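Analysis of the macromolecular model
Now for the letters of each chain:
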Amino acid sequence: MPSRNYELLSKDGAGELLEVAMGPHHPSTHGVFRMDVVLDGERVVKLKPVFGYLHRNHEKIAEGTSYLGSMPYTDRLDYFCSLTNNWAYALAVEKLAGLQVPERAEYIRVITAELTRLQNHACLIGFLVQDMGASGTPLMYAFREREKILDLFESLTGARMMCNYMRFGGCRCDLPDGWLAQAQKVVAEFPRFIDEFENFLSGNEILMSRTQGVGVLSRELAVNAGITGPMLRAAGVDYDLRKVDKYGLYDRFQFRVPLGEHGDVFDRYMIRVLEMRESVKILEQGLATILPGPIVDPKSKLRGFRPKAGEAYGRIEAPKGELGFYLISDGGPNPYRYRVRPPSLINLTVLEDMCLGQLIADAVIILGSVDIVLGEVDR
Amino acid sequence: METLDQIKLRIEAAVPGAIVGILPNDSPSAQRSFLVNREHGRAVAEFLCADASLKLDYCSNATGIDWPEAELTEKIKVKQVVDGVEKEVEEVKKTLRPGCLEAVYHLYSMEKKHGPVILRMRTANRADQNHLPSLTPVWRSCEFQEREIYDLYGLVFDGHPDLRRILMWEGFQDFPMRRDYVGPDDYEYEPTPHDDVLEKAKPHQSVEVKK
């Protein structure tokens, strides 16, 4: 069914303009996502993102179930990064109920979140390069590394993607024997993969000419449009919640926040490479200094969990940007209001601004550099 | 960052006529929020965004809340004379809360790295007076989020550049996030609805499909 917007567009087509509905089943749209594009030759004149194909009203479902009942469902938001989704939700509930997380659990959270970031960024670069026409090979290299990290998740949580691991005030289960050594091995080998990736890509002439100066996002617009994550930092804004909010234990670790200068697709690619290197640093420190101890707050309870009436907004630096959960409790077992602040959706706000005047083939890689997951956009 | 009470005084000085209330929050998060009257919501938002010491240049989260009409019961202790002795008796006081739709904005500052300041606005009721000023001209990040509030709650934002449904399809007629929303029947699972299922499906289909 054409949207009202689509009809509106056809009126200003003066014969020379061409309307293209890219998606919802277009290989470059990373899921069921549509771009209604108006083209002048090959130049984009107008672009409206259309989504909602995967909408299942996650928020309404969560309002009808207990607090803990939504935890497995948060895995399905951004299915690449289920552990950071768990963390953001757990953080919001902990703020709402005033739970304290033991140190070991915080360590495990930091470690799993950084592993998640590694595999997310590696795969994103793979997908981005595939959008440019490097069919498969870089993506498969990234997936090879991702497998190793998913194996770690599997031995820790029992699931490779839908981890459902965090609990309010801690984590579900402790690390299995030998997990730390296995993780240290994976982390120690990871920089070699980044070097290999960079050797092939960072100095690659095709990649540079396709991405440099394409899809430029200005600093002012990025801040005003609420862009977060690597996309914001590629525009040169120093805003990383790991540094700003210091949630978890991030103030204990030494790492830097890489910043871009031009805000184009190449910077967004490069920021992710550099962030992977910083994540490796955090992981090395975390895996070396984790101490035994309890992994869950004794005050938290799985059954009969009823936080006092009130509200809380908790947010973390997910691989795609700021993931926030806003909860209102009326004292009952279910949240009165449950809201997900999806970074993917809000980062799409400026898609049109970045694509205007660019070639249609570049719109594809600009979308690729935003890093969206439709499970989270549509919720 | 200044306390909310200080910010409140400065808002009232900068935006004459604005009625600013501070809503309490008893939970451990202690995130209290401003409730601003809708006529001055836009001006207050502009002040918060531009003020040199606050610089709330980043609206992280914008969302809606539905408050249907409800009878609130509150237990209060009243002194009564029972058989010549003064006693404290618990009495249940019932108040009728009028229904409204609410928009909540979580504001942060990327430049000063502080926050959140929480801004709320309420509509007069849930039926015909469901309008609020749009804050998209102040913060672009509200663009999709306000569309989502409109889509799921039926809250109309005046001054929004492109207020359309965003997640539900064009022509869908209800607002699914409202508390009193009744979900559709089994028509969704019928590949080709017919008979009484078709009748149930019709109100949810778009105008184009109906004719």
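Just above, that's the structure.
Just so we're clear, the structure is a prediction, and the values are computed from it rather than from any experiment.

**A look at the overall build of chain B**
Helix and strand counts for chain B stand at 5 helices and 9 strands. From first element to last, N terminus to C terminus, chain B shows the α and β order α-β-β-α-β-β-β-β-β-β-α-β-α-α. Counting only C-alpha atoms, chain B reaches 70 × 60 × 30 Å along its principal axes. Evaluated residue by residue, chain B yields a buried proportion of 46% over its 211 residues. Partitioning the intrachain contacts of chain B with sequence separation of at least 6 by distance along the chain shows that 56% fall at a separation of at least 24. Here chain B has roughly 10500 Å² of accessible surface; of this, 51% comes from carbon and sulfur atoms.

**Observations regarding the sheet that holds strand β3 (residues 58–67) of chain B**
Residue and element names in this part refer to chain B. Spatial strand order, β1-β2-β7-β6-β3: 5 strands in an open sheet with mixed pairing. Edge positions in the sheet fall to β1 (20–23) and β3, since each of these pairs with one other strand and no more. Geometrically, the sheet is characterised by an average inter-axis angle of 25° between neighbouring strands, direction not taken into account. Here 4 bridges tie β1 to strand β2 (residues 33–36), and the two strands are oriented antiparallel to one another. Counterpart to Ile22 in the pairing with β2 is Phe34. Those strands touched by helix α2 (residues 41–50) are β2, β6 (100–109) and β7 (114–122), and its axis lies near 170° from that of β7. Of the strands in this sheet, β3 and β6 touch helix α3 (residues 142–153), which is tilted by about 10° from β3.

**Focus: the environment of Leu72 of chain B**
Residues and elements named next belong to chain B. Here Leu72 shows up in strand β4 (residues 70–82). Measuring from C-alpha to C-alpha, the distance between Leu72 and Leu96 comes to 6.2 Å, with 24 residues separating the pair along the chain. If near-sequence neighbours (up to four positions away) are discounted, Leu72 is found in contact with Lys93, Lys94, Thr95 and Arg97.

**A closer look at the pattern of salt bridges**
It is possible for side chains of opposite charge to pair when their charged atoms get near one another. Counting across every chain of the model gives 48 salt bridges over all chains. Across the pair Lys281 of chain A and Glu278 of chain A runs a salt bridge, and its minimum N-O distance is 3.3 Å. In this pair, Lys281 of chain A and Glu278 of chain A are both assigned in helix α12 (residues 265–289), 3 residues apart and thus about one turn of the helix distant. Among the charged side chains, a network of salt bridges with common partners joins Glu59, Glu63, Arg337, Arg339 and Arg379 of chain A together with Glu148 and Arg179 of chain B.

**Points about the interface of chain A and chain B**
Contacts between the two partners involve 54 residues from chain A, matched on the other side by 49 residues from chain B. With both sides pooled, the region where chain A packs onto chain B buries about 4200 Å², and carbon together with sulfur makes up 52% of that total. For chain A, the biggest contributors to the area lost against chain B are Asn224, Glu311 and Tyr336 of chain A; these three give 15% of the whole. Our enumeration of links across chain A and chain B arrives at 5 salt bridges.

The rules behind the values
- Residues numbered from 1 in each chain as written.
- Chains lettered and ligands numbered in written order.
- Predicted model: local features only at pLDDT ≥ 70, side-chain atom pairs only at ≥ 80, totals over all residues.
- Heavy atoms only, no water.
- Helix = DSSP H or I, 4+ residues; strand = E, 2+ residues; numbered from the N terminus.
- Buried < 20%, exposed > 50% of the residue type's maximum accessible area, 1.4 Å probe, protein only.
- Contact = heavy atoms within 4.5 Å.
- Areas by Shrake-Rupley, 256 points an atom, 1.4 Å probe, with all protein chains shown as cover.
- Pairing = 2+ DSSP bridges.
- Axes fitted to C-alpha atoms, helices over the stretch in contact; angles between N-to-C directions.
- Salt bridge = Lys/Arg side-chain N within 4 Å of Asp/Glu carboxyl O.
- Buried area = accessible area lost by both parts, 1.4 Å probe.

Interpretation note: all reported values are geometric properties and have no functional meaning in isolation.
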